[in-house]
Amino acid sequence: MGSAFQRFFCCCCCCCIDDDDDEDEKQPLIPQDPLEYFNREVQKRRDEETNLWSTPGDPSHSEREDDRALYSLLQARNKTRMGSTGYRRLSVDIEAMRDTRREVRDKWKTILENLGFMAEADSLLNVSAGASHDRMRNAQAARDMLQTLHSETSIFNSREPPPERYLFILDRLIYLDIAEDFLTKARRFYPPNDDSEEETPGLAINLPLLLARVEAMNGTGDEDEEDEDNLSDRS
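Residues numbered from 1 in each chain as written. Predicted model: local features only at pLDDT ≥ 70, side-chain atom pairs only at ≥ 80, totals over all residues. Heavy atoms only, no water.

Caption draft 1: Summary view of the packing of helix H5 (residues 85-114) against helix H8 (residues 165-175). Relative orientation of the contacting elements H5 and H8 amounts to 5 degrees, with a least axis distance of 13 Å. As summarised for this structure, H5 and H8 are arranged roughly parallel, according to the angle between their axes. Contacts from Arg101, Val104, Arg105, Trp108 and Leu112 in H5 reach Tyr166, Ile169, Leu170 and Leu173 in H8. Split into classes, the residues belonging to the contact of H5 with H8 amount to 7 nonpolar, no polar and 2 charged. (Axes fitted to C-alpha atoms, helices over the stretch in contact; angles between N-to-C directions. Helix = DSSP H or I, 4+ residues; strand = E, 2+ residues; numbered from the N terminus. Parallel < 35°, antiparallel > 145°, perpendicular 65-115°, else oblique. Contact = heavy atoms within 4.5 Å. Nonpolar A, V, L, I, M, F, W, Y, C, P; charged D, E, K, R; others polar.)

What follows is the structure in structure tokens.
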């Protein structure tokens, strides 16, 4: 397992040059130029947002319904006046979807750290937009295990199909011979929830509402801003 782990991370370092992971590690914790630090933080934020897409190989971010909903929300907010009521509503919806995805990622990270991969968890969970099925070593086994995690645990907390980005992560875990241990921990830490709608507040419940809100914002965004301006004038 040790040699396989070393080979994996040697390969990872070669494949993740675009993510600037190595550059980040070489940078001092407190750079001399505050503006440089700010720019780095902004770039890291953008990279994180890009890395949250469910289907890494989809450059349009529109193959999955939740990706399409989030992308539409982002586009709608870009066209909305900053500080307006509509802008704030869209921001709340966007952060809610991102928080849901971060929560799933945090569950995976918790299990990996419990397995002893404290230093490597972030690297194992990183999936770039250039991920390709052709490079997977155990595609079918990873897909079977992803479905098992979805049906036998609450690690995804949603009835929607699990995000495909975790297919690539499981392929790595299988290669490192820790996938079965991960599955055992997932069953223990995150047992399946009841079938009640109230206890499964996954992304699927909110998607129709979010998509409808985007359409409404696109059609009435100017009216909302005018109403807000009128209220401000009255004040």
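More follows now that the structure is in view.
Caption draft 2: Region of interest: the confidence of the model for the chain. Averaged over every residue, the pLDDT of the chain is 76; the share at 70 or more is 64%. In the predicted structure, residues 13-21 sits below a pLDDT of 50 and forms 7 contacts with residues beyond four places in sequence or in another chain. A low-confidence stretch, residues 196-205 stays under pLDDT 50, and its non-local contacts, those more than four residues away or across chains, total 20 contacts. (pLDDT = per-residue confidence, 0-100.)

Caption draft 3: Main features of the packing of aromatic side chains. Taken as a whole and judged by the stated rule, the model has 5 aromatic pairs. Relative to phenylalanine 156, the ring of tryptophan 108 has its centre 6.1 Å away and its plane inclined at 55 degrees; by these criteria the two rings are tilted. With tryptophan 108 in helix H5 and phenylalanine 156 in the loop between helix H7 (139-152) and H8, the pair connects residues that are 48 residues apart, well separated along the chain. You'll find tryptophan 108 and phenylalanine 156 in the same group, each marked buried. Taken together, the ring pairs connect Trp108, Phe156, Tyr166 and Phe182 into an aromatic cluster. Positioned above the aromatic ring of tyrosine 175, the side-chain terminus of arginine 137 is 4.1 Å from the ring centre. (Phe/Tyr/Trp six-rings, centres within 6.5 Å; stacked < 30°, edge-to-face > 60°. Buried < 20%, exposed > 50% of the residue type's maximum accessible area, 1.4 Å probe, protein only. Lys NZ or Arg CZ within 6 Å of the ring centre and 35° of its normal.)

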